[in-house]
Amino acid sequence: MNSKEKFTSAQQAYSCALDLLSYKDYSEQKLRERLQQKGADEEQADAAIAKLRHYGLVDERRYAERVYEAWLNKRCYGRLHLQAELQKRGVGQELVSEILQRFTPERESELAENAAELFLQRNRRKLAGARQYDKKIYAAAGRFMAARGFSSRYMTILLEKLRCDNDM
């Protein structure tokens, strides 16, 4: 069906949703948006999603869990990045809060260690030629950790590693 055409029934929206779900998972919000882009009106999209929910093909909690597990496998991102990822994918705020509660400070500290090691590996040459306490290196380290969703509390892990490397 051409995306300019409107669906004439909820069954067409349901068929389209099944087709979309055969390629990848969606949150209810994102699936609703995609169906409306494809030609479903709000009522047809809601009916299709209700039917998918009834058959267990769309489950917001399961989707949030999958996003979280896939995100954890990235191994070097912090809490703020996780929150942004879940929100970007249309997961409801209640589930986002629930997932974030499971993400412990100990786990975030472990991921911050991984990110710090990654920064050191990627910048080995720059660090070898840098003066002790080079402000540019520290600024780059801060940006690196912030871009990966770590708060300043976890940025200190990388800054301490930089000090240790420079003291040798």
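Criteria and cut-off values
Residues numbered from 1 in each chain as written. Predicted model: local features only at pLDDT ≥ 70, side-chain atom pairs only at ≥ 80, totals over all residues. Heavy atoms only, no water. Helix = DSSP H or I, 4+ residues; strand = E, 2+ residues; numbered from the N terminus. Rg over C-alpha atoms; globule rule 2.2 N^0.38 Å. Salt bridge = Lys/Arg side-chain N within 4 Å of Asp/Glu carboxyl O. Buried < 20%, exposed > 50% of the residue type's maximum accessible area, 1.4 Å probe, protein only. Expected span 1.5 Å × (residues − 1). Arc of directions from axis to C-beta. Contact = heavy atoms within 4.5 Å. Core = buried A, V, L, I, M, F, W, Y, C linked by side-chain atoms within 4.5 Å. Phe/Tyr/Trp six-rings, centres within 6.5 Å; stacked < 30°, edge-to-face > 60°. Lys NZ or Arg CZ within 6 Å of the ring centre and 35° of its normal.

Draft legend 1. Focus on the overall build of the protein. When you go through the protein residue by residue, the secondary structure sums to 10 helices and 0 strands. Each helix and strand of the protein, placed in order from N terminus to C terminus, yields the pattern α-α-α-α-α-α-α-α-α-α. Against the globule reference of 15 Å for 168 residues, the protein gives a C-alpha radius of gyration of 22 Å, more extended than a compact globule. Overall, the C-alpha framework of the protein stretches about 70 × 30 × 20 Å when taken along its three principal axes.

Draft legend 2. Spotlight on the environment of R143. Along the polypeptide, R143 turns up in helix 9 (residues 135–147). For the pair R143 and M155, spaced 12 residues apart in sequence, the C-alpha to C-alpha distance is 9.3 Å.

Draft legend 3. Expanded view of the pattern of salt bridges. Evaluation of the coordinates by the stated rule reveals 11 salt bridges. E65 is paired through a salt bridge with R102; the nearest N and O atoms lie 2.5 Å apart. Note that E65 is positioned in helix 4 (residues 60–72) and R102 in helix 6 (residues 93–102), a separation of 37 residues in sequence. You can call E65 partly exposed: its relative accessible area is 25%. Residue classification places R102 among the partly exposed positions, given a relative accessible area of 38%. For R102, the salt bridge identified is with E69, shortest N-O distance 4.0 Å. Placement of R102 in helix 6 and of E69 in helix 4 is noted, with a sequence separation of 33 residues between them. One continuous salt-bridge network, built from bridges that share partners, spans E65, E69 and R102.

Draft legend 4. Representation of helix 1 (residues 10–21) in the model. For helix 1, built from 12 residues, the straight-helix expectation of 16 Å at 1.5 Å per residue is met to within 8% by its first-to-last C-alpha distance of 16 Å. Taken together, the buried positions of helix 1 are A13, Y14, C16, A17, L20 and L21. Each buried residue of helix 1 sits inside an arc of 165 degrees when the element is viewed along its axis, so together they form one side. Along its buried surface, helix 1 packs onto helix 2 (28–38) and helix 3 (42–54).

Draft legend 5. Fine view of helix 6. Turning to helix 6, its buried residues are L95, V96, I99 and L100. All buried residues of helix 6 fall inside an arc of 135 degrees around its axis, so they share one side. Turned more than 90 degrees away from the buried face of helix 6 sit E94 and Q101, all of them exposed. Contact partners of the buried residues in helix 6: helix 4 and helix 5 (79–88).

Draft legend 6. Representation of the nonpolar core within the structure. Formed by 33 residues in total, the largest nonpolar core has its most connected members in L82, M145, L158 and L162. Only helix 4, helix 5, helix 6, helix 7 (105–122), helix 9 and helix 10 (152–167) provide two or more residues apiece to this core. Sequence-distant contacts of M145, defined by excluding residues within four places in its chain, comprise A112, A115, A116, F150, Y154, M155 and L158. Among the nonpolar cores identified, the runner-up in size contains 16 residues, and Y14, C16, A17 and I49 belong to it.

Draft legend 7. Region of the structure containing the packing of aromatic side chains. Applying the stated criterion across every chain, the model contains 3 aromatic pairs. With a centroid separation of 5.2 Å and 80 degrees between ring planes, the pair formed by W71 and F103 is classed as edge-to-face. Residue W71 is found in helix 4, and its partner F103 is found in the loop between helix 6 and helix 7; the two are separated by 32 residues along the sequence. Assessed through its relative accessible area of 1%, F103 is described here as buried. The positively charged end of K51 is found above the aromatic ring belonging to Y14, 4.2 Å away from the centroid. Here the guanidinium or amino end of R148 rests over the ring plane of F144, the centre of that ring lying 3.8 Å away.

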